[in-house]
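# Descriptive structure summary
The lines below spell out each chain.
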Amino acid sequence: MTHLAGCLCRAVRIEIEAEPMAARMCWCRQCQYLGGGSATVNVCFPSEQVRTTGEVRWHESVADSGNVMRRGFCPACGTPLFSVAEARPHLVFIRAGALDDPNLKAPEAIIWTEAAPAWACHDPDVPQFPAQIPPVA
Ligand SMILES: [Zn+2]
Ligand SMILES: [Zn+2]
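Overview of the structure. Please read these numbers as outputs of a predicted model, since none were measured by experiment.

So, about the packing of aromatic side chains. As enumerated under the stated definition, the model contains two aromatic pairs in all. A ring pair is formed by Trp-27 and Trp-119, whose centres lie 6.3 Å apart and whose planes are at 75°; its orientation type is edge-to-face. With a gap of 92 residues between them, Trp-27 in the loop between strand S3 (22-26) and helix H1 (29-34) and Trp-119 in the segment after strand S10 (109-111) connect regions that are remote in the sequence. For Trp-27, a relative accessible area of 3% translates into the label buried. Overall, Trp-119 belongs to the exposed group, its relative accessible area being 58%. Between Trp-58 and Phe-82 the ring centres are 5.8 Å apart and the planes differ by 15°, which places this aromatic pair in the stacked class.

Written out as structure tokens, the structure is:
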């Protein structure tokens, strides 16, 4: 089954020929910038099964975990689309809000809760971790 994603202005479209491997909600400080104040929700897929059309611009930074991350966004509308850890290029994380079906996979873990603002609400039914947890694969 093909899953679809893309940006707000639809200049970037994404086709995914795989089922999601995992989904996590991240409250690290960098994700708060990318999420507009909230956490990001990131759904993991095998990079080889993801095909993109349209221009994606990339920004590189060192995450709170110490990982060098590349984050892809639409240069026209600014929607955050991807994050890829330099050390794990076989995985791509797609922002859940960019999926045509945001219900595709619910977060299974909430990470970096220690960086979250005091007003953040964490679902008590989802496992919570104060900082980074081991990679998906
Ligand atoms: Zn766009
Ligand atoms: Zn994060």
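Between side chains of opposite charge, pairing is possible as soon as their charged atoms come close. Throughout the structure, instances matching the rule amount to four salt bridges. As a salt-bridge pair, Arg-51 and Glu-15 come within 3.0 Å of each other at their nearest N and O atoms. Of the two residues, Arg-51 sits in strand S5 (residues 50-53) while Glu-15 sits in strand S2 (residues 13-16), which places them 36 residues apart along the sequence. The shortest N-O distance in the salt bridge between Arg-57 and Glu-55 comes to 3.9 Å.

Taken together, the protein ligands of the zinc ion (ligand 2) are Cys-26 (SG), Cys-28 (SG) and Cys-31 (SG), with distances of 2.1 to 2.3 Å. Mapping the donors of the zinc ion (ligand 2) onto the primary sequence yields the spacing C-x1-C-x2-C. Of the two residues, Cys-28 and Cys-31, neither departs from the other in class, the shared state being buried.

On the protein side, the zinc ion (ligand 1) has Cys-7 (SG), Cys-9 (SG), Cys-74 (SG) and Cys-77 (SG) as donor atoms, found 2.3 to 2.4 Å from it. Metal-centred angles of 106 to 113° between the four donor atoms at the zinc ion (ligand 1) mark the site as tetrahedral. Counting residues between consecutive donors of the zinc ion (ligand 1) along the chain gives the motif C-x1-C-x64-C-x2-C. Under the relative-accessibility criterion, Cys-7 is labelled buried at 6%.

So, how was this worked out
Residues numbered from 1 in each chain as written. Chains lettered and ligands numbered in written order. Predicted model: local features only at pLDDT ≥ 70, side-chain atom pairs only at ≥ 80, totals over all residues. Heavy atoms only, no water. Phe/Tyr/Trp six-rings, centres within 6.5 Å; stacked < 30°, edge-to-face > 60°. Helix = DSSP H or I, 4+ residues; strand = E, 2+ residues; numbered from the N terminus. Buried < 20%, exposed > 50% of the residue type's maximum accessible area, 1.4 Å probe, protein only. Salt bridge = Lys/Arg side-chain N within 4 Å of Asp/Glu carboxyl O. Donors = N, O, S within 2.8 Å, 3.2 Å for Na, K, Ca; no water. Tetrahedral: all angles 85-135°; square planar, octahedral: opposite > 155°, others 65-115°.

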